[in-house]
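The primary structure of each chain is shown beneath.
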Amino acid sequence: MDADAFFASCEQAIHPELRGKPVITGKERGIVAAASYEAKARGVKRGMGYFDVKKVCPEAIIVPSDYETYSLFSVRMFEILRRFSPDLEEYSIDEAFVDLTGLRRSFHCSYGELASQIQETVEKELGITVSIGVSLSKVLAKIGSKHDKPHGLTIIPGKEIHLYLDKLPVEKLWGIGPNTSAFLNKLGIRTALELAGKDEEFIQRHLSKPFQEIWCELNGMSVYPVVTESKSSYQSISKTKTFTPPSTDESFVFAQLSKNLENACIKARRHNLAAKRLILFLRKKDFRDIGIELKLNRPTAYPSELFEAAREGFRQIYQQGIPYRLTGVVLSGLMPESRVQFTLFDDTTKIEKMAKVYDSIDKLSSRFGKHTVQHASSLPTKLQVQHEGKRQDIPERKTALFSGENRRQRLGLPMLYIKV
Amino acid sequence: MFLSLPLDSKRSFTYNGNMKQELREEKLKSRIQEISHFYYQKGRMPSFSEIGELIGLKSKNAVSKLVIRLEELKVLARDEKGRLTPGSIKFPVRILGTVEAGFPSPAEEELADTRSLDEMLIQNHEATFMLKVSGDSMSGAGILPGDMVIVNKGQTPRSGDIVIAEVDGEWTMKYLRKRGDKITLMPANPKYKPIKPKNELKISGVVTAVVRKYK
């Protein structure tokens, strides 16, 4: 299942007057984060600047991103799917795989009817549309879900697979990137059907395991299981944030970086992970990136241990006088915190004290909201607003508060913005 | 140990003593829950070392002490070969305090069946939205400007329900009245007139509750 223009659809669901109109989210970022189908039809694309948007679609309605609402919708969408089957893989914020095998009997209907029931329930209860692909394997189901968007329902039975693979270029396949597709093109394989049609021996001689698996999946043999556990292990954790207008103030840019670092560490600690490497990057006003990767002395998820390295790295990549618009932090080489060993030269008492400090900080945050206590280096972010000026750049959810809600903590229910 | 004290000496418990006992009970209860969780998931009792892993005890001696204690409480038992068999955890009964003090707290038993305000106000969580009221057309029904109403989108609207509806392009909150196949939207304020949809009526949800917070 794949939600249709998810962010824009959520906006249309909570602001019904936006239905049927070209809606674009991401006002605070200055570029298109998501566009509704009405906007896409007029040629609006993801990542477009607003100047270009105004050219192709002057009537577009641009709203600020409201990630809290999108997340609420996402969780609800998955909960609705779980009513049908407990075997659900939350693949991304707006995509999921559901294993319906064997459920025909208990629901007294075909898999196709089951899928259309799912579609109807989501539409009725959440007011957003989704597209569903039903097939024998995850790769085929994904092809199906993209086949007929929006509000599509595509069933690919085993004997009709070839009809859907025929026109599909290999680079559009899930798991095949530009390099592999270039390689496949050299072997004379251009469409998914040509790939699926090769014999097993050919595939095994030329391709590595992941692509052999895709070949199996394309032929209707399910290899990828539906992974039901919610994501608890991460390869890396990244936090990035844009600020407008771009800034040349060194302490402000570093504060942005420092806040991202704190946020990434909070997430790492929530999953009991520690990072071995730290990547910092800055995006200049002209959208060019510069970054640096740092190896850490000791795997950690405590900002105070990272600051020294971060400051040094920042000094190396930061250039005076150049306006920056975004900072980002990636924690990588993650390992379970419990497996971190002290080295001979570690000051264990100091580390244990630090663990206590951060434990208390996390407790304070869960009680009073994130960043109740924060590092002084992040403070300049508070002196200047993230996105200058216009009040409309902040989603209504964060400004129109109900008595008892505050800037950090609000009710866990989406709001409908209807004047009645 | 408090357990061995005769009942009439109960009064002499110090406040701290009670606190400690509560903590110990809490801990024991959570351990029993861990073990019973394992039993229901795997369909078998854990081994000693698995119990150690489950509840974070490193030494088997500590596990063994716990097992002896749980045996006394009839939570589990051992067969002739010394392997663990389930005792009371075999029956899916809620653990109402541990039996160590002899009397499970009556308060706990009574409170097991209460609902939170959330559960009471929200029937179908996934389909529930909040809406801040701005107009006064439903003031007669006790819904005032500034109030929050809880809207269920999944519910089929019936005559007499308060609904959020789109009538000929305008949004409104009114009583829904069905007479035969005629539909009227009735306000609860004499200042407003009933609405008879001319072209189109879309009901977007049913109002299931109103929330007004004074402080």
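In this report, the structure presented in the accompanying data block is examined. (Residues numbered from 1 in each chain as written. Chains lettered and ligands numbered in written order. Predicted model: local features only at pLDDT ≥ 70, side-chain atom pairs only at ≥ 80, totals over all residues.)

A look at the overall build of chain B
- Helices and strands together make up the secondary structure of chain B, namely five helices and eight strands.
- Its helices and strands in sequence order give chain B the pattern α-α-α-β-β-α-α-β-β-β-β-β-β, from N to C terminus.
- Scored against the burial criterion, the 215 residues of chain B give a buried share of 18%.
- Long-range contacts, defined as pairs at least 24 residues apart, comprise 49% of the intrachain contacts of chain B with a sequence gap of at least 6. (Helix = DSSP H or I, 4+ residues; strand = E, 2+ residues; numbered from the N terminus. Buried ≥ 20, exposed ≤ 12 C-beta atoms within 10 Å, placed from the backbone. Contact = placed C-beta atoms within 7 Å.)

Side note on the sheet that holds strand S2 (residues 23-25) of chain A
Residues and elements named next belong to chain A.
- Spatially, the three strands line up as an open sheet ordered S3-S2-S4, and their pairing is mixed. Edge positions in the sheet fall to strand S3 (34-35) and strand S4 (61-63), since each has one partner strand and no second.
- Relative to S4, S2 is paired through three bridges, and the arrangement is parallel. What sits directly across from Ile 24, in S4, is Ile 62.
- Relative to S2, helix H1 (residues 6-14) is tilted by about 115 degrees, and along the sheet it contacts S2, S3 and S4. (Pairing = 2+ DSSP bridges. Axes fitted to C-alpha atoms, helices over the stretch in contact; angles between N-to-C directions.)

What to know about the sheet that holds strand S6 (residues 170-179) of chain B
- Pairing is mixed in the open sheet, where seven strands are placed in the order S14(A)-S3(B)-S4(B)-S8(B)-S5(B)-S6(B)-S7(B). The open sheet has two edge strands, strand S14 (415-416) of chain A together with strand S7 (182-186) of chain B, and neither has a second partner.
- Of the pairings in the sheet, the one linking strand S5 (residues 162-167) of chain B to strand S8 (residues 201-211) of chain B comprises five bridges and is antiparallel in character. Across the sheet, the residue bridging to B:Glu166 is B:Lys202, located in S8(B).

A short note on the interface of chain B and chain A
- On the side of chain A, 19 residues touch chain B, which itself brings 21 residues to the contact.
- Within the residue set of the side of chain B that touches chain A, elements represented by two or more residues are strand S3 (128-132), strand S4 (148-152), S5 and S6 of chain B.
- For the side of chain B that touches chain A, the leading source of residues is S3(B), giving five residues.

Concerning the packing of H1(A) against helix H4 (residues 67-84) of chain A
All names here are of chain A.
- Remark: H1 packs on H4, axes separated minimally by 10 Å, with the N-to-C direction vectors making an angle of 95 degrees. Of the possible angle classes, the one that applies to H1 and H4 is roughly perpendicular. Listed contacts from H4 to Phe 6, Phe 7, Cys 10 and Ile 14 of H1 are Thr 69, Tyr 70 and Phe 73.
- Looking at side-chain class alone, the contact of H1 with H4 contains six nonpolar, one polar and no charged residues. (Parallel < 35°, antiparallel > 145°, perpendicular 65-115°, else oblique. Nonpolar A, V, L, I, M, F, W, Y, C, P; charged D, E, K, R; others polar.)

Regarding H1(A)
- Across the nine residues that make up H1(A), a large majority, nine, are buried.
- Of all the positions in H1(A), only A:Phe6, A:Phe7, A:Ala8, A:Ser9, A:Cys10, A:Glu11, A:Gln12, A:Ala13 and A:Ile14 are classed as buried.

A short note on the environment of A:Pro157
All names here are of chain A.
- By the secondary structure assignment, Pro 157 is in the loop between strand S8 (153-156) and helix H8 (161-165).
- On the neighbour-count criterion, Pro 157 (14 C-beta atoms within 10 Å) is partly exposed.
- Considering only alpha carbons, one finds Pro 157 and Cys 265, 108 residues apart in sequence, at a separation of 46 Å.

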